[in-house]
Amino acid sequence: METKVIKVTEKNMDEAMALAGSLIKDKELVAFPTETVYGLGGDALSEGSSAKIYAAKGRPSDNPLIVHIADFNDLERIVSKLPPEAKLLADAFWPGPLTMRFKKNDVVPDKTTGGLDTVAVRMPNNEIALKFIKAAGGFIAAPSANRSGRPSPTLAEHVKEDMDGIIPLILDGGPVGIGIESTIVDLSEDEISILRPGYITAQMIEEVIGKKVTLDAAVDGVSKDAHPKAPGMKYRHYAPKAELILVEGEEKHVLETIVDKAMNATIAEPIGLMLKEKHAEYVKSKLFKIPKEAIIIKTIGNKDDEAAHELYKVLREFDEENVKVIYSESVGNDGIGQAVHNRMIRAAGHNILNA
Ligand code: AMP
Ligand code: MG
């Protein structure tokens, strides 16, 4: 299959949407930009389309897909119970990087929800995404548009790397804004909990609904044996080809440890370092005796939101390099830092070195 990439502009918007919409109605898949990462979209109400998504990604079929909508009123068509918090949260955060989980009704095929009786729904904050969802009939099932286990795509080029020849169309909307996936909050049970951290934090949700929000035990990344409610959280994810080791602790010790490890690098066996921008020069200066080609440094900005934006791109870039091991600085563990930290731990397969 030939994969067409359309750079979507104001000028060709209607034409692109007409093509994308008709492909979805023909039960084909279309990759599209959102504000979090690129999604791989299919008709959420069609079992066949969802099956195609799992096949294209090579994704385990027990890992459910998020349903994307463009109109709050469409929620009623797919959920069996709509708690009052849904409206409050939608008013505050939709369109935006918040996914809410509800009890589903029979309109949503089991295939879309990986056999669960719940459905996760969100409204993305991206003009192309919203127009595409409308053109496609209102309900788009979409996981991230990467092959299973690879870092999520934050550029259309990343989608092309993973999906070339597998899907007919990629809508290119340029780089995404946030760079990591949405927060998932569970409204299907009495106790409201975060199943996956993201840009919208538990505190932001608590402020809107006036209720306590807990964190699913599998989220903190430390309890790797916990049984997560979001099935995707149990898989090693976002993983680069090289072994990734996350170095944690006091900043000074972290940098010392990273320098110490990098001393072993040789031209034959280079070592990758993922660092905050402000630390790159310092680390380089400490490694002046090591041949330049033996150390591959990539930076993830300085602030947590910059790390969110850069993380997957940098992990993909490392895949292009001949490194077998990458040492990375960690990030803070609050606000969006918590979400980035969660993705880093999972990319590292819980491989943490305490400095
Ligand atoms: P992705 O968009 O690729 O990050 O994949 C969707 C994520 O949402 C996965 O981690 C799923 O496990 C999670 N998810 C989707 N639907 C549900 C649901 N009904 N219950 C729990 N987690 C869900
Ligand atoms: Mg994903």
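Residues numbered from 1 in each chain as written. Chains lettered and ligands numbered in written order. Predicted model: local features only at pLDDT ≥ 70, side-chain atom pairs only at ≥ 80, totals over all residues. Heavy atoms only, no water.

**Remarks on the pairing of strand 12 (residues 243-248)**
Working note: regular strand, side chains alternate between the two faces of the sheet. With five of six residues buried, strand 12 is to be regarded as a mostly interior element. When strand 12 meets strand 15 (residues 325-329), the two strands line up parallel, connected through five bridges. The residue of strand 15 that forms the bridge with Ile245 is Tyr327. Both strand 12 and strand 16 (residues 352-354) contribute to a ladder of three bridges, which runs parallel. Bridged to Glu248 within strand 16 is Asn354. (Buried < 20%, exposed > 50% of the residue type's maximum accessible area, 1.4 Å probe, protein only. Helix = DSSP H or I, 4+ residues; strand = E, 2+ residues; numbered from the N terminus. Pairing = 2+ DSSP bridges.)

**Examining the nonpolar core**
By size, the foremost hydrophobic cluster in this structure holds 65 residues, and its most contacted members are Leu89, Trp94, Leu98, Met100, Phe132, Leu171 and Ile205. No other element matches helix 1 (residues 13-25), which puts six residues into this core. Among residues more than four places away in sequence, those in contact with Leu171 are Ile6, Val8, Ala16, Met17, Ala20, Val30, Ala31, Phe32, Pro33, Tyr38, Ile128 and Phe132. Of all hydrophobic cores here, the second largest spans 27 residues; its members include Ile180, Ala242, Val331 and Ile336. (Core = buried A, V, L, I, M, F, W, Y, C linked by side-chain atoms within 4.5 Å. Contact = heavy atoms within 4.5 Å.)

**Focus: the layout of surface pockets**
Gaps left between atoms are located by rolling a probe of water-molecule size over the structure's atoms. If you add up the space inside the second largest pocket, you get close to 170 Å³. Along the walls of the second largest pocket sit Lys284, Leu287, Phe288, Ile290, Pro291, Lys292, Ile295 and Ile297, which together make up its complete lining. A class-by-class count of the residues in the lining of the second largest pocket yields six nonpolar, no polar and two charged. (1 Å grid on protein atoms, 1.4 Å probe; cavity = no way out; pocket = protein on both sides within 12 Å on 5 of 7 lines; lining within 4 Å. Points joined across faces, edges and corners; volume = space filled by probe spheres on them. Nonpolar A, V, L, I, M, F, W, Y, C, P; charged D, E, K, R; others polar.)

**Considering the side chain of Asp172**
Mapped onto the elements, Asp172 comes out in strand 8 (residues 169-172). By relative accessible area, which is 9% here, Asp172 ends up buried. Once residues within four sequence positions are removed from consideration, Asp172 is found in contact with Val5, Ile6, Lys7, Val8, Tyr38, Ala156 and Glu157.

**As for empty space enclosed by the protein**
Summed over all chains, the structure comprises three cavities of 30 Å³ or more. Lining the largest cavity we find 36 residues, and of these Arg59, Pro64, Ile66, Ile184 and Arg196 sit closest to its centre. Only strand 4 (66-68), strand 5 (98-103), strand 6 (118-122) and strand 10 (193-196) provide two or more residues apiece to the lining of the largest cavity. With four residues, strand 6 is the largest single contributor of residues to the lining of the largest cavity. Considered class by class, the residues forming the lining of the largest cavity number 17 nonpolar, twelve polar and seven charged.

**Overview of the packing of helix 9 (residues 304-319) against helix 10 (residues 336-347)**
For any two helices packed against each other, the geometry is given by the interaxial angle and the distance between the axes. Remark: helix 9 packs on helix 10, axes separated minimally by 8 Å, with the N-to-C direction vectors making an angle of 25 degrees. In terms of their interaxial angle, helix 9 and helix 10 are classed as roughly parallel. In terms of crossing hand, the pair formed by helix 9 and helix 10 is left-handed. Where helix 9 abuts helix 10, its residues Asp304, Asp305, Ala307, Ala308, Leu311, Tyr312 and Leu315 lie against Ile336, Gly337, Val340, Arg343, Met344 and Ala347. Looking at the contact of helix 9 with helix 10 residue by residue, the classes come out as nine nonpolar, one polar and three charged. (Axes fitted to C-alpha atoms, helices over the stretch in contact; angles between N-to-C directions. Parallel < 35°, antiparallel > 145°, perpendicular 65-115°, else oblique. Left-handed = near helix turned anticlockwise from the far one by under 90°.)

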